[in-house]
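What the coordinates show
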Amino acid sequence: MGNDYAVGGMHTLKGRFPSITALDLSYAYSEGGTAPSSDAAFVAGLLKLLPGLQELSCASAEFMSDKALAKLPPALRVLELSGTPDGYEDSRYIHVSNGGLAKLAAACSSLQKLSIGSCVGLESPGPSKYQHEQEWEHGADGHAGLSICCLQGLANASQLQSLCLQAFGNWYGEPQTKLLQLAQSISLPAPMESLEVLGLNLLLTDDNLAAIFPHTPNLRSVALASPLITDAGLGHLAVCAKLQLCQVANTEVRVPKFGDAGVRQLVGGCKQLVHVTLRGSRSITDVAIGDLALAAPKLRTLALDGAPESFGCATVLSILLAKCPELEKLQLHGTRGMTTEAMRIISRFENLSVLDLYCDFTDEALRQGAGLFAGCFAQTTVFRLHTP
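Residues numbered from 1 in each chain as written. Predicted model: local features only at pLDDT ≥ 70, side-chain atom pairs only at ≥ 80, totals over all residues. Heavy atoms only, no water.

Each helix and strand counted, the chain has 13 helices and 13 strands in total. For the chain, the residues scored as buried account for 50% of the 388 residues in total. (Helix = DSSP H or I, 4+ residues; strand = E, 2+ residues; numbered from the N terminus. Buried < 20%, exposed > 50% of the residue type's maximum accessible area, 1.4 Å probe, protein only.)

Taken across its five residues, strand 12 (residues 354-358) has four buried, putting it largely inside the fold. In terms of strand pairing, strand 11 (residues 329-333) meets strand 12 through five bridges, oriented parallel. Across the sheet, the residue bridging to His333 is Tyr358, located in strand 12. (Pairing = 2+ DSSP bridges.)

With that settled, consider the packing of helix 9 (residues 260-269) against helix 10 (residues 286-295). One can describe the packing of helix 9 onto helix 10 by two numbers: an axis separation of 9 Å at closest approach and a directional angle of 5°. As summarised for this structure, helix 9 and helix 10 are arranged roughly parallel, according to the angle between their axes. Facing Asp260, Val263, Arg264 and Val267 of helix 9, the residues of helix 10 in contact are Val287, Ala288, Asp291, Leu292 and Ala295. Taken together, the residues of the contact of helix 9 with helix 10 sort by class into six nonpolar, no polar and three charged. (Axes fitted to C-alpha atoms, helices over the stretch in contact; angles between N-to-C directions. Parallel < 35°, antiparallel > 145°, perpendicular 65-115°, else oblique. Contact = heavy atoms within 4.5 Å. Nonpolar A, V, L, I, M, F, W, Y, C, P; charged D, E, K, R; others polar.)

The next thing to look at is the pattern of salt bridges. Under the criterion given, the structure shown has six salt bridges. The closest approach of N and O atoms between Glu80 and Lys113, which form a salt bridge, is 3.0 Å. With Glu80 in strand 3 (residues 78-82) and Lys113 in strand 4 (residues 113-120), this residue pair connects regions lying 33 residues apart in the sequence. Judged by relative accessible area, Lys113 falls into the partly exposed class, the value being 32%. (Salt bridge = Lys/Arg side-chain N within 4 Å of Asp/Glu carboxyl O.)

Once the C-alpha coordinates of Lys113 and Leu76 are considered, the two residues, 37 residues apart in sequence, prove to be 9.4 Å apart. Contact partners of Lys113, with chain neighbours within four places excluded, come to Arg77, Val78, Leu79, Glu80, Leu160 and Ser162. A polar contact is formed between the side chain of Lys113 and the side chain of Glu80, at a distance of 3.0 Å. (Polar contact = N/O pair within 3.5 Å; in protein donor to acceptor, adjacent residues only side chain to side chain.)

Quick look at the confidence of the model for the chain now. For residues with low pLDDT, the predicted coordinates do not support detailed interpretation. A residue-level look at the chain finds 68% of positions with pLDDT of 70 or above and a mean pLDDT of 77. This stretch, residues 1-9, has a pLDDT under 50; its non-local contacts, to residues over four places away or in other chains, come to 21 contacts. Note on residues 86-91: pLDDT under 50 across the span, and eight contacts to partners over four residues away in sequence or across chains. (pLDDT = per-residue confidence, 0-100.)

Next up on the list: helix 10. Burial analysis of helix 10 places seven of its 10 residues in the buried class, which makes it a mostly covered element. Regarding helix 10, the residues found buried are Asp286, Ala288, Ile289, Gly290, Leu292, Ala293 and Ala295. Where helix 10 is buried, its residues meet helix 9, strand 9 (275-279), strand 10 (301-305), helix 11 (314-323) and strand 11.

Bringing helix 11 into the picture now. When helix 11 is considered as a whole, its buried residues turn out to be Ala314, Val316, Leu317, Leu320 and Leu321. Taken end-on, helix 11 shows its buried residues confined to a sector of 160°, consistent with a single buried face. Counted as exposed and oriented over 90 degrees from the buried face of helix 11: Thr315 and Ala322. Residues of helix 11 that are buried in the fold lie against helix 10, strand 10, strand 11 and helix 12 (340-346). (Arc of directions from axis to C-beta.)

Another point: the side chain of Thr277. Relative to the helices and strands, Thr277 resides in strand 9. With a relative accessible area of 16%, Thr277 lands in the buried category. Ignoring anything within four residues of it in the chain, the contact list for Thr277 reads Cys246, Gln247, Val248, Thr301 and Ala303.

This part takes up the packing of helix 10 against helix 11. Here helix 10 crosses helix 11 at 15°, and the two axes come no closer than 9 Å. The pairing of helix 10 with helix 11 is recorded here as roughly parallel in orientation. Here the hand of the crossing between helix 10 and helix 11 comes out left-handed. Here Asp286, Ile289, Gly290, Ala293 and Leu294 of helix 10 come into contact with helix 11, specifically with Val316, Ile319, Leu320 and Lys323. Class assignment for the residues of the contact of helix 10 with helix 11 results in six nonpolar, one polar and two charged. (Left-handed = near helix turned anticlockwise from the far one by under 90°.)

Once that is clear, we can look at the environment of Ala211. Following the sequence through the fold, Ala211 ends up in helix 7 (residues 206-212). Along the backbone, Ala211 and Ser187 are 24 residues apart, and their C-alpha atoms lie at a distance of 6.1 Å. When sequence neighbours within four positions are dropped, the list of residues in contact with Ala211 reads Ile186 and Leu188.

The next subject is the environment of Ala70. Here Ala70 lies in the loop between helix 3 (66-69) and strand 3. Linking Ala70 and Leu104, residues 34 residues apart in sequence, is a C-alpha distance of 5.9 Å.

Have a look at this one:
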């Protein structure tokens, strides 16, 4: 759909679709092949056409800005935006700000689901190439980009059930001391009692998590990615007693940030865990697997990056087999000592649909393992064995 047509020609359709409540603009491009650039006029035209709009989805939504967010209808319940990710020739990020999301929350009191991907990170230590594009527009608070502080405004969206935010910054390779200086503090003005799903790919610190999770009592799913989360951060998740899915990734894999101590704190408070993924930390050992197995008998997904010298022990895998019979997905990355006995135990899991082992196998272990695994997993649809 061309931009001119969307802003001008669509007015010929006014009044013909009074009952439309959902709109997907994922394939809205101008005649030049790019996403619409006159965002305010574009959104204003849509609102006149679709006053009852409740759900709006946009891929390649780099045209969205704070000004456009302010024009969304009060009845909006679902907003999903994503930019064009890296790897594409015309990669673009979304340029909205913390202040813009605060205005969105205030204007759209019925908002239940908000997802923004491929947004600019506010705390980026160096200038991003995207900050020099002509379409760059500063946000309502004078700064384009998102940080953890956006939650202070979104906390006023009392009906918000699902929130996923992904912001990119030039953080890779920066020393931890500098990242901690860039990180921002947060204090929620109100509990987010309706929130059940939270996904944050931001510059998060342990202190941020300590400020958030006591105010999310009904959280069932959390996915966090940051170069600054440590054992203490995992411990702050323990207050989420209803948590079933937990995904935490250390995005600075060169420096381990969390390990067994954090896992022990996590499972100490989260007794309903079903899906657990901990990535980017090479200090998790067999102790963590044992703690998870004993604390989460309903576990169906376990994906861990472990410490090479102590991971994948046959004894601990036996505990996992005995305590977590419903396990469907097992991913263990990092061990140097996956023995034939450990592989024999893994072959006894009856419900596995995904088995992914990244280990230092010997040729003999691979030969024996192939025989052990053959025919053992009637339901297995994905089976991977990797060697470094």
